[in-house]
Amino acid sequence: MFQRVDLPLWLLILILLFAAVAFLSHFLFPSVRWFLRRRMERAVEELNKRLERPIRPFNLTRRHDQVIRLAYDPQVMQAVSDYARDQGIPLSVAHEKARLYAREIVPGFSTATYFGFAIRVARGLSRLFYKVHLNRGTVRTLRDIHPDSAVIFVMNHRSNMDYVLVTWLAARRSTLSYAVGEWARVWPLKGLIRGMGAYFIRRRYSTDLYRAVLARYVQMSVQEGVTQAMFPEGGLSLTGTVGSARRGLLTYIVRDFDPSKEKDVVFVPVALNYDRVLEDAVLVKAGETGDRRFRLRIFEALGWLIWILWQKLLRRTSTYGHAAVSFGEPLSLRGYLHDHPESGTDTLADELMGRIRGAVPLLPVPLAAAALVRLGMPGGGAVSRGDLAAQMRVLVDEAAALGAQMHLIDGEIEPSVDFAVEAMARHGLIRRDDMTIHLQSGEEATLAYYAASVLQRLEEPMPAGLSEQGAGGATLRATRVIPEVAET
């Protein structure tokens, strides 16, 4: 038993290596995992004290466990059985597809990624590109929502900065789980976005089984009270207007909702607008060609960033102007179904999009663009600064009569005109000769793009080429002055 045994050096190293792995996996790793888990739980407890809507246990469940729970959900299993029968394949093969779909959809929320990295990046990027404004009065309406209700922010989609802005502005109130398209399923965005709690959805190449798995995940997260954010339009606006809704996610939510249960679902309309949309040239071109399969060039994005950083290094205050976020009147799904028992998802979607349109904030550059359109600028000729100011004043009075929220420089017309003219000249939309304004050749569609948000709010016909759904819906009471800059 105690005899000497000779072993080759390589075999001894291999034995020691296996022994070290066994020690780590059976003794050290469980202890470290328990220690880290306890630290995370304490960190979440502290965060929940500051958040108006605490992080739900559903967010903190291990991703592997969520995948298993989703894949073996009774509704998913029924969909697996139907799919296997329809496709003529073994049940095990169909179920493996469902598990693959579940792994693709389910996020892996990380409090460190969300609050330690994503919020700081969102704050930095938002302040780097824009002067951000939020109507604090409308934020207070969120506090009236019952804490057990599932809150779903429904938003218009103007720019990819929408994700960044809303994530930052909601940081004090709740975490947000986004529905994200295929564009984000690339390295290194995939892991980062999944760690922020976003779930991926396929807009193309989906099957009945995939839609069943996705629907069940959305329903489970809503039932667990996870705060979500979605863009019902399904893509970036190519015209500057708030378009009609794609009803897929709304259908999943409404289909599984039971008004008799204690937990309600509350939709909160959110409207965003910009003095300058980063991707405007790409979006306008896509709107002209009718091809939504556009790609934003990385060199263009780097150009934006370099220009802004250069302005900061020169200690200039120039940015891409203002970005504004406002909230519409929340809609209780239980109350809506009680008042409209015969209504379907289409009617609900139209109501939500109407409330978003009514909440769209009006900024100096869109107001100036709408004034130029009214003055016949796309048809050629020149406009004096005085005429522009007078027309902007008319637009502001009309919008105020409709209860629109406006963000004017210091609450005044004159500085707003100066800011808008300077911003549009720097953008290359117009050129100035003394006190006369001329539209740059070839920028007619871009001018109409920026004017569209104002004209739609005023329920006017869109400029030529803009044919998305017209304005309407509920209005939002607001002021004419720029509200306090949002700080989180």
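See above for the structure.
Nothing here was measured: the structure is a model prediction, and the numbers come from that model.

Asker: Lay out the overall build of the chain with the relevant residues and their values.
Answerer: Looking only at helices and strands, the chain has 19 helices and 11 strands in total. Counting only residues that meet the buried cut, the chain has 49% of its 488 residues in that class. Pairs at least 24 apart in sequence give 76% of the contacts found in the chain among residues at least 6 apart. Entry remark: accessible area of the chain is about 24,100 Å², with carbon and sulfur atoms responsible for 56%.

Asker: Quick rundown of the side chain of Asp 73? Include the residues and the values.
Answerer: Relative to the assigned elements, Asp 73 resides in the loop between helix H3 (63-71) and helix H4 (74-87). There is a polar contact of 2.9 Å between the side chain of Asp 73 and the side chain of Arg 216. What Asp 73 contacts, discounting residues up to four positions off in sequence, is Arg 216 and Met 220.

Asker: Residue-level account of the packing of aromatic side chains, with values.
Answerer: Following the criterion strictly, the structure yields 9 aromatic pairs and no others. An aromatic cluster is built from Tyr 163, Tyr 178 and Phe 231, whose rings are joined through pairwise contacts. In this structure, Arg 202 packs its charged tip against the face of Tyr 210, placed 5.3 Å from the ring centre.

Asker: Residue-level account of the environment of Gly 386, with values.
Answerer: Looking at where Gly 386 falls in the secondary structure, it is placed in helix H17 (residues 385-401). Taking relative accessible area as the criterion, Gly 386 reaches 44% and is therefore assigned partly exposed. Residues Gly 386 and Met 435, spaced 49 residues apart in sequence, show a C-alpha to C-alpha distance of 8.2 Å.

Asker: Tell me about the nonpolar core, residues and numbers included.
Answerer: Counting residues in each nonpolar core, the largest one holds 88 residues, and the members touching the most others are Tyr 130, Phe 153, Tyr 178, Val 268, Leu 388 and Met 424. Take this core: its biggest share by element is 8 residues, from helix H16 (residues 364-374). Excluding residues that lie within four positions of it along the chain, Phe 153 makes contacts with Leu 142, Leu 176, Thr 227, Gln 228, Ala 229, Met 230, Val 268, Val 270 and Phe 327. Grouped together as the second largest cluster of nonpolar side chains are 52 residues, Phe 58, Val 213, Val 226 and Met 353 included.

Asker: Before we move on, can you summarise the pattern of salt bridges with the specific residues and values?
Answerer: Between side chains of opposite charge, pairing is possible as soon as their charged atoms come close. Tallied over the full model, the rule gives 19 salt bridges. Between Glu 96 and Arg 103 there is a salt bridge whose closest N-O contact spans 3.5 Å. Arg 103 sits in the partly exposed class, given a relative accessible area of 30%. The structure contains a network of salt bridges with shared partners spanning Arg 385, Arg 393, Glu 414 and Asp 418.

Asker: Residues and numbers for helix H10 (residues 208-223), please.
Answerer: Side chains of residues three or four places apart in an α-helix project in the same direction, reflecting 3.6 residues per turn. When the terminal C-alpha atoms of H10 are compared, their 22 Å separation across 16 residues agrees well with the 22 Å that a helix rising 1.5 Å per residue should span. Counted residue by residue, H10 has 12 buried out of 16 residues, so it is predominantly covered. Every buried residue belonging to H10 is among Leu 209, Tyr 210, Val 213, Leu 214, Ala 215, Arg 216, Tyr 217, Val 218, Gln 219, Met 220, Ser 221 and Val 222, and all of these are buried.

Asker: Could you give an account of the packing of H3 against H10, naming the residues involved and the relevant values?
Answerer: When two helices pack together, their arrangement is given by the angle between the helix axes and the distance between those axes. One way to put it is that H3 packs onto H10 with a least axis distance of 10 Å and a crossing angle of 115°. The crossing of H3 and H10 is right-handed. Along its contact with H3, which presents Gln 66, Arg 69 and Leu 70, the element H10 presents Val 213, Arg 216, Tyr 217 and Met 220.

Rules used throughout
Residues numbered from 1 in each chain as written. Predicted model: local features only at pLDDT ≥ 70, side-chain atom pairs only at ≥ 80, totals over all residues. Heavy atoms only, no water. Helix = DSSP H or I, 4+ residues; strand = E, 2+ residues; numbered from the N terminus. Buried < 20%, exposed > 50% of the residue type's maximum accessible area, 1.4 Å probe, protein only. Contact = heavy atoms within 4.5 Å. Areas by Shrake-Rupley, 256 points an atom, 1.4 Å probe, with all protein chains shown as cover. Polar contact = N/O pair within 3.5 Å; in protein donor to acceptor, adjacent residues only side chain to side chain. Phe/Tyr/Trp six-rings, centres within 6.5 Å; stacked < 30°, edge-to-face > 60°. Lys NZ or Arg CZ within 6 Å of the ring centre and 35° of its normal. Core = buried A, V, L, I, M, F, W, Y, C linked by side-chain atoms within 4.5 Å. Salt bridge = Lys/Arg side-chain N within 4 Å of Asp/Glu carboxyl O. Expected span 1.5 Å × (residues − 1). Axes fitted to C-alpha atoms, helices over the stretch in contact; angles between N-to-C directions. Left-handed = near helix turned anticlockwise from the far one by under 90°.

Keep in mind these values describe shape, not function.
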